[in-house]
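# Working through the structure, step by step
One letter stands for each residue in the lines below.
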Amino acid sequence: MSEIKGKVLKHDSQTRIMHWIHLISFLLLGLTGIAFYWDIGIIYKIFGGPANASLVHRWTAVVFTAGPAIYILLNFERFSKFIDTISSFTKDDFNWLKTMGGYVPFLKGDIPPQDKYNAGQKMLGWLVILGCILFILTGFPMWIWRHEVPAVFLNICYTIHFWDAIIMILAVAGHFFLAAIHPKSRVEFSSMMIDGYVDAEFSAHHNEKWFNKLQQSQ
Ligand code: HEM
């Protein structure tokens, strides 16, 4: 276990860099995408007009796609482990969901031990992966093959792309609230966004299964 004054390493530098790249590109895509849908002049102005906003959206989409793709290629084992973790739903995960990990005031009960990611984070992980795949599958035909594909297909792409954006923006807002603002969990923020380390005591409590595995592998 890597420890610095009672801290454990949760996310290494490549994971953190990829997360930053994905976050910034998501914000740019969300902002420009909202401007297209509701034709918001003030957002267009930030980017120097609708044509430039469209260029920013398309080329940021390339970064949004290439960033995680390169990360996965360079860190295949780590990524496979991540997929394994978020795909394993045990009785403890289902019981965690019943109490929502203690984050919802009126849901009382024992909070079962969790892995590196709690049941809510596991579900968010899958939502983000599927949401990104949908952005890629709809966005590139809307850009590159817009004159080749049938109009019906293009319309379906636009509709899916828009609703994907709404769901993902809400999910990311919830994720931001829990990871950066909520007093019970905001200590996680610096582990992904700054130095990779998280308080050992916090991990032993919130991610007990993962923490125990780290100690055993020491
Ligand atoms: C691989 C990633 C993506 C690609 C290739 C892509 C591509 C596109 C394209 C080509 C358009 C049509 C507008 C234009 O011609 O410039 C568009 C519209 C839009 N995009 Fe994206 N996009 C991607 C990711 C995202 C993300 C992550 C969001 C939100 C967070 C988003 C939100 C939107 C919205 C709301 C629209 C307007 C949809 C509509 O008018 O129905 N896009 N996108």
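This next bit is on the coordination of the iron atom of the ligand. On the protein side, the iron atom of the ligand has H57 (NE2) and H161 (NE2) as donor atoms, found 2.0 Å from it. Of note is the iron atom of the ligand, whose six donor atoms meet at the metal with angles of 84 to 178 degrees in an arrangement that counts as octahedral. In this pair, H57 sits in helix 3 (residues 50–74) while H161 sits in helix 7 (residues 151–181), placing the two residues 104 residues apart along the sequence. Taken as a pair, H57 and H161 share a single burial class, namely buried.

Along the chain, the position of T138 falls in helix 6 (residues 119–143). Reaching out from T138, the side chain makes a polar contact with the backbone oxygen of L134 at a distance of 2.7 Å. One polar contact links the side chain of T138 to the main-chain carbonyl oxygen of F135, over a distance of 3.4 Å.

Next up on the list: the packing of helix 1 (residues 13–38) against helix 3. Two elements in contact, helix 1 and helix 3, have axes separated by 9 Å at closest approach and are oriented at 155 degrees. Relative to helix 3, helix 1 is oriented roughly antiparallel. Every pair of crossing elements has a handedness; the one defined by helix 1 and helix 3 is left-handed. Residues that form the contact of helix 1 with helix 3 fall into these classes: 15 nonpolar, ten polar and no charged.

Turning our eyes to something else, we now look at the packing of aromatic side chains. Tallied over the entire structure, the rule returns eleven aromatic pairs. Taking 3.7 Å as the distance between ring centres and 15 degrees as the angle between the ring planes, the aromatic pair formed by Y37 and F162 counts as stacked. Here F162 lies in helix 7 and Y37 lies in helix 1, a separation of 125 residues in the sequence. Given a relative accessible area of 48%, Y37 falls into the partly exposed group. When the ring of W38 is compared with that of F162, the centres are 5.7 Å apart and the planes differ by 70 degrees; the resulting orientation is edge-to-face. Here F162 lies in helix 7 and W38 lies in helix 1, a separation of 124 residues in the sequence. On the basis of relative accessible area, W38 is assigned to the partly exposed category, the value being 47%. On the basis of relative accessible area, F162 is assigned to the buried category, the value being 13%. Through successive ring pairs, a cluster of aromatic residues spans Y37, W38, F162 and W163. Between the NZ or CZ atom of K10 and the centre of the ring of W210, over which it lies, the distance is 5.7 Å. Above the plane of the ring of F89 lies K122, whose end atom (NZ or CZ) is 5.7 Å from the centre.

Attention shifts here to the environment of F47. Relative to the assigned elements, F47 resides in helix 2 (residues 41–47). Exposure remark for F47: the relative accessible area of 16% places this residue in the buried category. Expressed as a C-alpha distance, the spacing of F47 and I21, which sit 26 residues apart in the sequence, is 19 Å.

A contiguous nonpolar patch, built from F176, F177, L178, I181, F189 and I194 and spanning about 550 Å² of accessible area, is present on the exposed surface. Counting residues per element, the nonpolar patch draws most heavily on helix 7, at four residues. The residue F177 is located in helix 7 in this model. Look at F177 and you get partly exposed, because its relative accessible area is 41%.

Cut-offs applied
- Residues numbered from 1 in each chain as written.
- Predicted model: local features only at pLDDT ≥ 70, side-chain atom pairs only at ≥ 80, totals over all residues.
- Heavy atoms only, no water.
- Donors = N, O, S within 2.8 Å, 3.2 Å for Na, K, Ca; no water.
- Tetrahedral: all angles 85-135°; square planar, octahedral: opposite > 155°, others 65-115°.
- Helix = DSSP H or I, 4+ residues; strand = E, 2+ residues; numbered from the N terminus.
- Buried < 20%, exposed > 50% of the residue type's maximum accessible area, 1.4 Å probe, protein only.
- Polar contact = N/O pair within 3.5 Å; in protein donor to acceptor, adjacent residues only side chain to side chain.
- Axes fitted to C-alpha atoms, helices over the stretch in contact; angles between N-to-C directions.
- Parallel < 35°, antiparallel > 145°, perpendicular 65-115°, else oblique.
- Left-handed = near helix turned anticlockwise from the far one by under 90°.
- Nonpolar A, V, L, I, M, F, W, Y, C, P; charged D, E, K, R; others polar.
- Phe/Tyr/Trp six-rings, centres within 6.5 Å; stacked < 30°, edge-to-face > 60°.
- Lys NZ or Arg CZ within 6 Å of the ring centre and 35° of its normal.
- Patch = residues over 30% accessible without salt bridge, like charges linked within 9 Å, V, L, I, M, F, W, Y side chains within 5 Å.
- Areas by Shrake-Rupley, 256 points an atom, 1.4 Å probe, with all protein chains shown as cover.
- Salt bridge = Lys/Arg side-chain N within 4 Å of Asp/Glu carboxyl O.

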